[in-house]
Amino acid sequence: MSTPLVIRDRNTMRNLILTNQTMGRRIGFVPTMGSLHAGHTSLVDRAMAECDDVVTSIFVNPSQFGPQEDFERYPRDFDADFNLLAQHDVRWIFAPDVHEMYPPGDSTRIEISGPAEPYEGQLRPGHFSGVATIVFRLLQSTPANTVYFGAKDWQQVLVVRQMVRDLGLDVEVMTCPIVRDKDGLALSSRNAYLSESERTRAQTIYAALQQAEENWCRGLAIDKIELKVRDMLSAREIRIDYADIVHDESLRKISEVSRNTPAIFLIACHVGSTRLIDNILLPSQT
Ligand code: PAF
């Protein structure tokens, strides 16, 4: 357990990282929007194992929320986050305010096509532009050697990787496995919105993904696998935005003839008024 240093401004943060790198230290960075849970701390622990120091950012990024989305009510508890990060030996917490990251008059955004276009990109216009813009700015302030993301936000990882490649950013992007609760539900800060009965219904998401994986391995036709998942979710009154098997990088639909390519089952759905996403990688069938 160590007490993290909280830094609020970009220049101080950047100088600290650069100074420590000059001394030969390897820095790992875990960007978050706070409301931390074991999914986040698994990223911190991985960063701790691979780097000398870890910096975590806590910033609820307004530009990645749509006008009807939950920016205002997004859970915030800085003290709880601070204590959790202290338990995991994070050295610095970068917690800027909104004007630090978006100075008055700010009018620069990063737009990404390709992986940012389908699925979340279509359903949440502007979301990935907001994510890319803030991740770029955070990486400028925390020029770490490696940045860690969770696989639950699979499309986000693809978008960040695309940006890092295209802009030649000098950072390694690591993707870490999804962390689930005992009942299988993928950890997410938004799980806090679920009532007890919604929480029970939400377990169906992972159950459906596991069933899909089994059916995939048994060689069931792709449209049948997807249909079974949709039926399972609908039976629990879970409204589906998408439930598709796609190529794990291009996010294009996979046809029967190409089912030996790396695939992923992506789900976005609504349990009551809470929107949840989840996924499962499907083993290659060569
Ligand atoms: O995954 C998140 O928590 C956010 O999208 C991120 C990467 C911290 C950017 O605000």
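Along each chain, numbering runs from 1 in the same order as the chain's sequence is written. Confidence filtering applies because this is a predicted model: local features only for residues at pLDDT of at least 70, side-chain atom pairs given and counted only at 80 or more, and all residues used for totals across whole chains, interfaces and linings. Note that the side-chain values use all heavy atoms of the structure and ignore hydrogens as well as water.

## Here's the deal with the overall build of the chain
Regarding its fold elements, the chain presents 9 helices and 9 strands. As defined in this context, the radius of gyration uses C-alpha atoms, and a globule is described by 2.2 Å times the residue total to the power 0.38. For 286 residues, the compact-globule estimate of 2.2 N^0.38 gives 19 Å, and the chain sits close to it at 19 Å. Each principal axis of the C-alpha distribution contributes one length, and for the chain these read about 55 × 40 × 40 Å. Only protein chains enter the area calculation, which uses a 1.4 Å probe; residues under 20% of their type maximum are buried, those over 50% are exposed, and those in between are partly exposed. In the chain, which comprises 286 residues, the proportion classed as buried is 51%. In this description, contact between two residues means that some pair of their heavy atoms is separated by no more than 4.5 Å. The contacts in the chain between residues at least 6 apart in sequence include a share of 74% that link residues at least 24 apart. Values of accessible area rely on a 1.4 Å probe in the Shrake-Rupley scheme; residue burial ignores everything except the protein chains shown. Counting only carbon and sulfur atoms, one obtains 49% of the accessible surface of the chain, whose full area is about 13300 Å². Positive residues here are Lys and Arg, negative ones are Asp and Glu, while His and the chain termini are left out of the count. Every charge is mapped to an atom, namely NZ of Lys, CZ of Arg, CG of Asp or CD of Glu. In the chain, the 30 positive side-chain charges and the 38 negative ones have mean positions that sit 2 Å from each other. Helix numbers and strand numbers start at the N terminus; a helix is a DSSP run of H or I with at least 4 residues, a strand a run of E with at least 2.

## As for the nonpolar core
By convention a nonpolar core is built from buried Ala, Val, Leu, Ile, Met, Phe, Trp, Tyr and Cys residues, the set being connected through side-chain atoms within 4.5 Å. The biggest cluster of nonpolar side chains holds 31 residues, and the ones touching the most others in it are Val55 and Val135. Elements that contribute at least two residues to this core include exactly α1 (10-22), β2 (27-32), β4 (92-94), α6 (127-141), β5 (146-150) and α7 (154-166). For this core, the element with the most residues is α6, which contributes 7 residues. With near-sequence residues (within four places) excluded, Val135 lies in contact with Phe149, Val160 and Met163. The next biggest cluster of nonpolar side chains, apart from the first, holds 25 residues, and it includes Leu185, Leu209, Ile225 and Leu282.

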